[in-house]
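Each chain is listed here by its residues.
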Amino acid sequence: MSLILNIETATKNCSVSIAKNGETILCKEIAEEGYSHAEKLHVFIEEVLEESGTSVHDLAAIAVSQGPGSYTGLRIGVSAAKGLCFALSIPLIAVETLLTLASQAKISDGKIIPMLDARRMEVYSAVFSSGLETERPVQAEVIDENSFQDITETVYFVGDCAEKCKPVLTKENFVFLEDIKYPSAAAMSKISYDKYKINDTVDVAYFEPYYLKDFIMTTPAKKQ
């Protein structure tokens, strides 16, 4: 039996799940505009463990969303995951954020394109087959009317970019699954377990989130 704690904090959704052999037992999550990850994450970890009757010493591994996504959110999630791995001497598993998001679309054919907002018309995106094979790796790109025009199959878009991208991406084969906005730790369960079975882990000491873009610190403009 393999119990894995999954942590997803790359977006507005602060999400934690406990899974047994790849099946989610319990998930706690909340998506808020104010990014309450610092306040909610450890509470959620304690709650999923207690409510599932799991001791931290029962855990086989910790899985964490590796990005891309919110700089602060990723730092909070990875720091918590590393701390637990160090304390418990268990492995750390890194899960692609966009793969987790794409896996929430249950389709039998076509392409899945997960997109996360990177401000203005820029998004973080990747292209997956209906079976979740990577057909184009993650990249930051500016969306315009020419984006994804070469894909003739049905394209299912998921993520938090529908509002800004739907008026631009108007081909007949483009479908927006607007109910799938954020990656969830519940969707990490099978992915992290598959990685665990083949010992696909990362170095706890040296692992860093995949930010994709450099973090730029800004200061508010002074009031006149």
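Keep in mind that what you see is a predicted model, and the values were worked out from it rather than measured.

### With respect to empty space enclosed by the protein
Following the criterion strictly, the structure yields 1 cavity of 30 Å³ or more and no others. Estimated volume of the largest cavity: approximately 50 Å³. Contributing to the lining of the largest cavity are M115, F157, V158, G159, C161, A162, F176, L177 and E178. Here the lining of the largest cavity takes 3 residues from strand β9 (residues 155-159), the largest share from any one element. Residues that form the lining of the largest cavity fall into these classes: 7 nonpolar, 1 polar and 1 charged.

### A short note on the pairing of strand β7 (residues 122-129)
Of all 8 residues making up β7, 8 are buried, and the element is well covered by its neighbours. In terms of strand pairing, strand β6 (residues 111-117) meets β7 through 5 bridges, oriented antiparallel. Looking at the pairing, L116 lines up with Y124 of β7. As consecutive antiparallel partners, β6 and β7 are separated by 4 residues, and within that stretch R119 has a phi angle of approximately 80°, a positive value. Judged from the 6 bridges that link them, β7 and strand β8 (residues 134-142) form a sheet pairing that is antiparallel. Paired with F128 across the strands is T134, a residue of β8. The turn linking β7 back onto β8 is made up of 4 residues, and L132 within it adopts a positive phi angle of 70°.

### A short note on helix α1 (residues 37-51)
One turn of an α-helix holds 3.6 residues; hence residues three or four places apart share an orientation. For α1, spanning 15 residues, the distance from its first C-alpha to its last is 20 Å, which sits close to the expected 21 Å at 1.5 Å a residue. Listing the buried residues of α1 in full gives H37, L41, F44, I45, V48 and L49. Considered in projection along α1, the buried side chains sweep an arc of 120° and stay on one side of the axis. Turned more than 90 degrees away from the buried face of α1 sit E39, E46 and E50, all of them exposed. For α1, the elements touching its buried residues are β1 (3-8), β2 (13-20), β3 (23-31), β4 (59-65) and α2 (71-88). G53, located one to two residues past α1, shows a positive phi value of around 70°.

Scoring rules and cut-offs
- Residues numbered from 1 in each chain as written.
- Predicted model: local features only at pLDDT ≥ 70, side-chain atom pairs only at ≥ 80, totals over all residues.
- Heavy atoms only, no water.
- 1 Å grid on protein atoms, 1.4 Å probe; cavity = no way out; pocket = protein on both sides within 12 Å on 5 of 7 lines; lining within 4 Å.
- Points joined across faces, edges and corners; volume = space filled by probe spheres on them.
- Helix = DSSP H or I, 4+ residues; strand = E, 2+ residues; numbered from the N terminus.
- Nonpolar A, V, L, I, M, F, W, Y, C, P; charged D, E, K, R; others polar.
- Buried < 20%, exposed > 50% of the residue type's maximum accessible area, 1.4 Å probe, protein only.
- Pairing = 2+ DSSP bridges.
- Expected span 1.5 Å × (residues − 1).
- Arc of directions from axis to C-beta.
- Contact = heavy atoms within 4.5 Å.

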